[in-house]
Structures are given as structure tokens and as C-alpha cells.
Amino acid sequence: MPYYIRLDDACEKMDVKNWARMEEILDRHRLAPLVGIIPCCEDPKMEQYPADPTFWETVSGWVQKGWVPGLHGYNHVYITKEGGMNPVQKRSEFAGVPLDVQKEKIADGVKVFRERGYEPAVFFAPSHTFDRNTLTALRECSEIRIISDTIADKPYAMDGFTFIPQQSGVVRKLPFDTVTFCYHPNLMQDADFKRLDAFLGENRGLFRNFEAKPTDRKRSLYDLILREIYFLRRIGR
Ligand SMILES: [Zn+2]
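In this report, the structure presented in the accompanying data block is examined. In this text, all values refer to a predicted model and were calculated from it rather than measured experimentally.

Each value, and the rule that gives it
Residues numbered from 1 in each chain as written. Predicted model: local features only at pLDDT ≥ 70, side-chain atom pairs only at ≥ 80, totals over all residues. Helix = DSSP H or I, 4+ residues; strand = E, 2+ residues; numbered from the N terminus. Rg over C-alpha atoms; globule rule 2.2 N^0.38 Å. Core = buried A, V, L, I, M, F, W, Y, C linked by C-beta atoms within 7 Å. Buried ≥ 20, exposed ≤ 12 C-beta atoms within 10 Å, placed from the backbone. Contact = placed C-beta atoms within 7 Å. Arc of directions from axis to C-beta. Expected span 1.5 Å × (residues − 1). Pairing = 2+ DSSP bridges. Right-handed = clockwise from strand over helix to strand, strands pointing away.

Focus: the overall build of the chain
Broken down by element type, the chain carries 6 helices and 8 strands. Counting from the amino terminus, helix and strand elements in the chain follow one another as β-α-β-α-β-α-β-α-β-β-β-β-α-α. In terms of overall size, the chain behaves like a compact globule, its C-alpha atoms giving a radius of gyration of 17 Å where 237 residues would be expected to give roughly 18 Å. In terms of principal-axis extent, the alpha carbons of the chain reach across some 40 × 40 × 35 Å.

Set out below in C-alpha cells:
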């Protein structure tokens, strides 16, 4: 405890019908997630959706319900094949990218948020991949000091940032203290929504509204062991 929900890939070009269905489910269970907004989406996979001119009004409605808007990269385009500090995938918009380019991405992304009246407090990169330079860029070009993305038992502080664990893409009982389940509403099928809805129906008590809350707890040996096991299993797959 607690379990959190994170929603990835909100932007002007998204599947508004699927996002509305997700919102309806979370509203019904009175649960507010972390929602990752792509400030300037250029991901070719999102071209299939028409640009929604009311997107930032939708964001405003979410924020009023307690949803926490996070900075989810800048354009969501992969330009390296690196995994960085959290090598969940071998592709990245950030990991392995020169610091000056990363700083520009973060500064430009934050600018889009500020133009709409939001100061992002949380960052997570497309495909979960970032490196030390991403942290430097965030430190120098934003107020963001919280990262949603690490394999660990509980949130921990490192290098001036709070890292909040994100371990799974599907709701289920997991043997971690703090779990973030990451969903991509654009890609969800009917069965995915039904499974989430049913799990929340049975286990709503395990979940909390997402909070951008810093910690000063240090990473424990147990956190590190969980991380090692997770990535060894991924490599073995
Ligand atoms: Zn994404």
C-alpha cells in the first residue's frame, strides 16, 4: 500500500473515446491518477487520431478532480536505442541524448505547461528510459523533483529526486509496498477496461489518489535486490 494508477500519452492527438471511458471508470471508483502529458507530440503512432482543440480544457477538468499532470517527454519520438538508468526498453527519447538537447526538450516541455497555467511536479520518459543527464536537465530547466519510474519496494530519494516505483502495466496484487500501474488508454481494448474496473471494484481499498509527494527515505538493499531480480528476469525472457 498504496497502489497508484498512472495514465500515459495524453496529448492533443489521443483516442478521446478511450480516455473518456478511463475517466468514467476512475470517477466511479473516485480515484485520481498521475497523467502523463506529451507537450508536443510528434509520435507517428498518434497521427491516426485527429487533433482535439479542447485537449487543455479536458486537462483542466482532470486537474479539478485531483488528477496530477506530469511531463511525459517532449515529442515522444525515440532517437536512441539505449535503456539508461531504468532499462525497461532499449529505446529512448532521452537516454544517451546529449545534455544540451535534453535541456532543450525539458525547457520547451515545461514552457508548454506554463503557458496553460501548470507547473509540472513529476516527470516520466517515454518507454520509461532516461539517464543521469535527464536528471541534470530537469534540475536545471524545471521545478520537477519527482520521477515516476523505478523498480523498488517504496519511493526513495536519490540525487535530489524522489523516485516513485512503477512496476506493472496491469492491475494485480504485487508484493511491493508501493505500486504504480501504468496504463496506455490509447491502446486499451474492451477487456483491459473491464479487468481494471473489476479489480478496482474488489480492491479499491488498496489504492490512493496519486500524490506528488517527496521523500527523504534512502534506497534500501531490498529495493536494490528487487531491481536486480526484475531486470535479470527481463533479460532472461
Ligand atoms: Zn508514452
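Observations regarding the nonpolar core
Ranked by size, the top nonpolar core spans 52 residues in total, and within it I5, V35, V122, F123, I144 and F181 carry the most contacts. No other element matches the 5 residues that strand β1 (residues 3–10) contributes to this core. If near-sequence neighbours (up to four positions away) are discounted, I144 is found in contact with L71, P120, A121, V122, F123 and L138.

A few points about the environment of L206
Within the secondary structure, L206 sits in the loop between α5 (190–203) and α6 (221–236). Judged by the 14 C-beta atoms lying within 10 Å of it, L206 is partly exposed. Along the backbone, L206 and T178 are 28 residues apart, and their C-alpha atoms lie at a distance of 9.9 Å.

Re helix α4 (residues 132–141)
Listed in full, the buried residues belonging to α4 are T134, L135, A137 and L138. What you see down the axis of α4 is that its buried residues fit within an arc of 160 degrees, all on one side. Away from the buried face of α4 by more than 90 degrees, exposed residues R132 and E140 are located. Next to the buried residues of α4 lie α3 (99–115), β4 (122–123) and β7 (161–164).

Some points on helix α1 (residues 16–28)
A rise of 1.5 Å per residue sets the reference length of α1, with its 13 residues, at 18 Å; its end C-alpha atoms lie 18 Å apart and thus fit the reference within 8%. Among the residues of α1, W19, M22 and L26 are the ones counted as buried. Down the axis, α1 shows its buried residues gathered within 60 degrees of arc, on one side only. Residues of α1 that are exposed and point more than 90 degrees away from the buried face comprise K17, A20, E24, D27 and R28. Buried residues along α1 sit in contact with β1. Downstream of α1 by a residue or two, R30 has a phi angle that is positive, lying close to 50 degrees.

Side note on unusual backbone geometry
In this model, H128 sits at a positive phi of 65 degrees, which is unusual for a non-glycine residue. Within the element layout of this structure, H128 appears in the loop between β4 and α4. Here D159, not a glycine, exhibits a phi torsion of approximately 55 degrees, which is positive. By secondary structure assignment, the location of D159 is in the loop between β6 (156–158) and β7.

Details of the pairing of strand β3 (residues 68–71)
Of the two faces of β3, the one carrying V68 and G70 and the one carrying P69 and L71 are both buried. Note that strand β2 (residues 34–37) and β3 share 4 bridges and pair parallel. By the bridge assignment for β3, L34 is matched with V68. You can see the chain leave β2, run along helix α2 (residues 55–64) and come back into β3, and the turn it takes is right-handed.

Structural notes on the pairing of β1
When you tally the buried positions in β1, you get 8 out of 8 residues, the bulk of the element. One ladder, built from 5 bridges, connects β1 with strand β8 (residues 179–183); its direction is parallel. Each bridged residue has a counterpart across the sheet, and for R6 the counterpart in β8 is C182. Where β1 lies against β2, 3 bridges are found, and the strand directions are parallel. Bridging across to β2, L7 finds its partner in V35. Handedness of the β1-α1-β2 crossover: right-handed.

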